[in-house]
Amino acid sequence: MKSTDELLKILKNSNNIGDYIEDNFNDINNISFTEYLTQCMNSRNMTRAKVIDGANIQKNYGYQIFDGSKKPSRDKVLSLCFSMALSVEESNRLLKLSDHAILYPRIARDSIISFALEKKQNLINANLLLHEMGEKIIE
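Bear in mind the structure is a predicted one, so any value in this text is a computation, not a measurement. Each chain has its residues counted from 1, following the order in which its sequence is written. Reporting in this predicted model follows two pLDDT cut-offs: at least 70 for local features of residues, and 80 or more for side-chain atom pairs to be given and counted; totals over whole chains, interfaces and linings ignore these cut-offs and use all residues. Computation of side-chain values covers all heavy atoms of the structure but excludes hydrogens and water.

Student: Would you mind going over the nonpolar core in detail, with residue names and values included?
Tutor: As used in this record, nonpolar core signifies buried Ala, Val, Leu, Ile, Met, Phe, Trp, Tyr and Cys residues forming a set joined through side-chain atoms within 4.5 Å. A simple rule labels every residue: compare its accessible area, found with a 1.4 Å probe on the protein chains alone, to the largest value its type can have, and call it buried under 20%, exposed over 50%, or partly exposed in between. Ranked by internal contacts, the top residues of the largest apolar core, which has 33 residues, are Leu-37, Leu-80, Phe-82, Met-84, Leu-94 and Ile-113. We count a stretch as a helix when DSSP gives it H or I for four or more residues in a row; a strand needs E for two or more, and each element gets its number in order from the N terminus. At the level of elements, helix H4 (33–43), helix H5 (48–54), helix H6 (59–67), helix H7 (74–84), helix H8 (88–97), helix H9 (108–118) and helix H10 (123–132) are the ones that each hand at least two residues to this core. Looking at this core, the element that brings in the most residues is H7, giving six residues. By definition, residues are in contact when any of their heavy atoms lie within 4.5 Å. Ignoring sequence-local partners within four residues, the contact set of Leu-80 consists of Leu-37, Val-51, Ala-55, Ile-57 and Ile-65.

Here you go:
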């Protein structure tokens, strides 16, 4: 997958937008939040039930997130990210697709969350770290 910077460079040097979209379709496809969430889950051989349980989300609400009938808060999206052990890049993509701000390293809480994601910590350990550092836990 090409980075955003790579795509921008290619776009700037393109003479035809149709060719650009055709040549880079796999990197710019319009995937929805629920499609990407399911893709992440499937790539980790997880079930919805396992993801929801690991995210500490109420079962019915979790299934409504997966079917697109409920829009999760930023913290719920982060909980799902921890449950699936997503990378910071994958987590940021899921956050963007859910219309929430990505993790920003100039914000202490976001830096701690990014650190915990990079270290493949689970939600409980991430919340312990946030609490130890005096930041609001992921609820």
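Still more ground to cover, so stick around.
Student: Describe the pattern of salt bridges, with residues and values.
Tutor: Whenever Lys or Arg places a side-chain nitrogen within 4 Å of a carboxyl oxygen from Asp or Glu, that contact is recorded as a salt bridge. Scanning the model with the defined rule gives four salt bridges in all. Of the charged contacts in the structure, one is a salt bridge between Arg-44 and Glu-90, with a shortest N-O distance of 2.7 Å. Here the residue Arg-44 occupies a position in the loop between H4 and H5, and Glu-90 occupies one in helix H8, the gap between them amounting to 46 residues. Two residues, Asp-75 and Arg-109, come together in a salt bridge whose shortest N-O distance is 3.0 Å. Here the residue Asp-75 occupies a position in helix H7, and Arg-109 occupies one in helix H9, the gap between them amounting to 34 residues. Accessibility classification places Asp-75 together with Arg-109 in one group, the buried group.

Student: Hey, could you go over the packing of aromatic side chains for me, with residue numbers and the actual values?
Tutor: Pairing of aromatic rings covers Phe, Tyr and Trp, the last through its six-membered ring, and needs centres within 6.5 Å; plane angles under 30 degrees mean stacked, over 60 mean edge-to-face, and all others mean tilted. In this structure the tally under the stated criterion is zero aromatic pairs. In this scheme, Lys NZ or Arg CZ marks a charge over a ring once it lies within 6 Å of the ring centre and within 35 degrees of the ring normal. If you follow Arg-93 out to its NZ or CZ, it ends over the ring of Tyr-36, 4.6 Å from the centre.

Student: Could you give an account of the environment of Cys-81, with specific residues and numbers?
Tutor: Relative to the assigned elements, Cys-81 resides in helix H7. Setting aside its immediate chain neighbours within four residues, Cys-81 contacts Leu-86, Ser-91, Leu-94 and Leu-117.

Student: Quick one: what's the story with the packing of H7 against H9, residue by residue and with numbers?
Tutor: For the pair H7 and H9, interaxial distance at closest approach is 11 Å and the crossing angle is 20°. In terms of orientation, H7 lies roughly parallel with respect to H9. In this structure, H7 meets H9 at a crossing whose hand is left-handed. Across the interface between the two elements, Arg-74, Asp-75, Leu-78, Cys-81 and Phe-82 of H7 pack against Arg-109, Asp-110, Ile-113, Ala-116 and Leu-117 of H9. Classifying every residue of the contact of H7 with H9 by side-chain character gives six nonpolar, no polar and four charged. Under this scheme, a helix contributes an axis fitted over its contacting stretch, all axes are lines through C-alpha atoms, and angles between N-to-C directions fall in the 0 to 180 degree range. With respect to orientation, any angle under 35 degrees is reported as roughly parallel, any angle over 145 as roughly antiparallel, any angle of 65 to 115 as roughly perpendicular, and every other angle as oblique. For any pair of crossing helices, the crossing counts as left-handed if the nearer helix is rotated counterclockwise from the farther one by less than a right angle, and right-handed if it is rotated clockwise. For this classification, the nonpolar set comprises Ala, Val, Leu, Ile, Met, Phe, Trp, Tyr, Cys and Pro, the charged set comprises Asp, Glu, Lys and Arg, and every other residue, Gly included, is treated as polar.

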